[in-house]
Amino acid sequence: MILINHTLPQQENLAGVYFCFHTWQVPYPHIWHSIPVFNHKFYASGSVFCGDGLNFHNNIKQGVNATLRFVYRPLDNAHTLLHIGTGGLYKRPDKNTETGERSISLKGTGDTYLPVPFVFDSTISHSQCQYQWNIESIFHHLKFFLQGEVMGMIIRRNNSPSYNAYGGYIEGGYFILGNRLGYDRRDALPLCPENKNSLAIFVRVNHTNLNDSDLKCGALTDLSAGMNYYLNKHIIFRLNYSHVKTDQYSALGKAHYNVLQSRIQIKF
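Nothing here was measured: the structure is a model prediction, and the numbers come from that model.

**Concerning the packing of aromatic side chains**
- Going through the model one piece at a time under the given rule, you end up with five aromatic pairs.
- Measuring from ring centre to ring centre gives 6.2 Å for Y229 and F237, while their planes differ by 35 degrees; the resulting arrangement is tilted.
- Residue classification places F237 among the partly exposed positions, given a relative accessible area of 34%.
- Over the aromatic face of Y169 sits the side chain of R204, whose NZ or CZ is 3.8 Å from the ring centroid.

What follows is the structure, encoded as structure tokens:
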């Protein structure tokens, strides 16, 4: 199964479908090996996982996933952070030993984590392997931040043309109360702010296109605005509004709709 995921964990005030691509995480993975290397300026990691989860049916031969990620921080001080990164994924999906079939599923519920009808719900049959790449960036200066990512995916297929898809987003925000977001240099990822009672506003634009010349799996564009209140680094109150547009090839068909969501998140 392909899950909604991405290299950079988005600021979750804008809960959503950003990429209906399988990136750095595998559902219930069995990790064979994972190696991070980092210092003040650089971060690098590589991981190897089993295929599509812990699927031990007798007629299923496990596939394999391998990832690489590199990050460079040319600016990293008390006031400013500039993070530039890139990464890649190789995926060999599980194989049904009775039929010889490998397939990759593209599923996503749009800009919500709720169990609602899928916006994307397609299966790429006769799959050999999947390649994926991304370019990511984070910029923090005082109370302002900007974050974005572009991503592409190629699925090689048996006796059929390769399938191509892409997506991207950009998000900006400002802290009305408190200081900037935190940053984990060990994993090269953004964190909650260290200050209690922080309030941030965010705006985000996302586009996901799963349509190729031979396979039309849908496209989605959304514009979102949100607000996060960080009671502390463990408890977050989130509110966001999204205007979503899907095309005729999505699981919902051609549609425009609005989503207003709120939630409380407890992190440990």
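Having seen the model, we can carry on.
**A closer look at the environment of A251**
- Among the structural elements, A251 can be located in the loop between β16 (235-246) and β17 (255-266).
- By relative accessible area, which is 46% here, A251 ends up partly exposed.
- As for A251 and V119, which are separated by 132 residues in sequence, their C-alpha atoms are 5.0 Å apart.
- Those residues in contact with A251, other than ones at most four positions away along the chain, are F118, V119, F120 and D121.

**Things to note about the side chain of E136**
- Here E136 is to be found in strand β9 (residues 127-141).
- Here R69 takes part through its side chain, which lies 2.7 Å from a polar atom of the side chain of E136.
- Polar contacts involving the side chain of E136 include one to the side chain of N134, which spans 3.1 Å.

**What about the nonpolar core?**
- Grouped together as the largest cluster of nonpolar side chains are 13 residues, with contacts concentrated most on L106, I124, M153, I155, Y163, L210 and C217.
- Listed by contribution, the elements that provide at least two residues to this core are β7 (104-108), β8 (120-124), β10 (144-157), β11 (160-177) and β15 (216-230).
- Each residue touching Y163, except ones within four places of it in the same chain, is listed here: L106, I124, M153, I154, I155, R157, L210, N211, D212, L215 and C217.
- If you look at the next biggest cluster of nonpolar residues, it comprises eight residues, including F145, L181, A200 and I236.

**As for the pattern of salt bridges**
- This model, assessed by the stated rule, comprises five salt bridges.
- With a shortest N-O distance of 2.7 Å, R185 and D76 are connected by a salt bridge. Of this pair, R185 sits in the loop between β12 (182-184) and β13 (189-191) while D76 is found in strand β4 (residues 64-76), placing the two residues 109 residues apart along the sequence.
- Look at D76 and you get buried, because its relative accessible area is 10%.
- A salt bridge links E171 to R204; the nearest nitrogen and oxygen atoms lie 2.6 Å apart. Separated by 33 residues along the polypeptide, E171 in strand β11 and R204 in strand β14 (residues 198-211) bring together distant segments of the chain. Each member of the pair, E171 as well as R204, carries the same accessibility label: buried.
- Several salt bridges share partner residues, and in doing so they unite R73, D76 and R185 into one network.

**Some remarks on empty space enclosed by the protein**
- Following the criterion strictly, the structure yields one cavity of 30 Å³ or more and no others.
- The computed volume of the largest cavity comes to approximately 30 Å³.
- Lining the largest cavity we find R157, P161, S162, Y163, D212, D214 and L215.
- If one sorts the elements of the lining of the largest cavity by residue count, β11 sits on top with three residues.

**Thoughts on the pairing of β7**
- Among the five residues in β7, four count as buried, and that is most of the element.
- Inspection of the sheet shows β7 paired to β8 by five bridges, in the antiparallel sense. Note on β8: the bridge partner recorded for I104 is I124.

**Here's the deal with the confidence of the model for the protein chain**
- The pLDDT averaged across the protein chain works out to 84; a share of 85% of its residues lies at or above 70.
- Contacts for the low-pLDDT stretch residues 1-29, under 50 throughout, to residues beyond four places or in other chains number 156 contacts.

**A closer look at the environment of D212**
- With respect to the element layout, D212 can be found in the loop between β14 and β15.
- In this structure the C-alpha to C-alpha distance between D212 and N164, which are 48 residues apart in sequence, comes to 5.8 Å.
- Those residues within four positions of D212 in sequence are excluded, and the remaining contacts are S162, Y163 and N164.

Cut-offs used in this document
Residues numbered from 1 in each chain as written. Predicted model: local features only at pLDDT ≥ 70, side-chain atom pairs only at ≥ 80, totals over all residues. Heavy atoms only, no water. Phe/Tyr/Trp six-rings, centres within 6.5 Å; stacked < 30°, edge-to-face > 60°. Buried < 20%, exposed > 50% of the residue type's maximum accessible area, 1.4 Å probe, protein only. Lys NZ or Arg CZ within 6 Å of the ring centre and 35° of its normal. Helix = DSSP H or I, 4+ residues; strand = E, 2+ residues; numbered from the N terminus. Contact = heavy atoms within 4.5 Å. Polar contact = N/O pair within 3.5 Å; in protein donor to acceptor, adjacent residues only side chain to side chain. Core = buried A, V, L, I, M, F, W, Y, C linked by side-chain atoms within 4.5 Å. Salt bridge = Lys/Arg side-chain N within 4 Å of Asp/Glu carboxyl O. 1 Å grid on protein atoms, 1.4 Å probe; cavity = no way out; pocket = protein on both sides within 12 Å on 5 of 7 lines; lining within 4 Å. Points joined across faces, edges and corners; volume = space filled by probe spheres on them. Pairing = 2+ DSSP bridges. pLDDT = per-residue confidence, 0-100.

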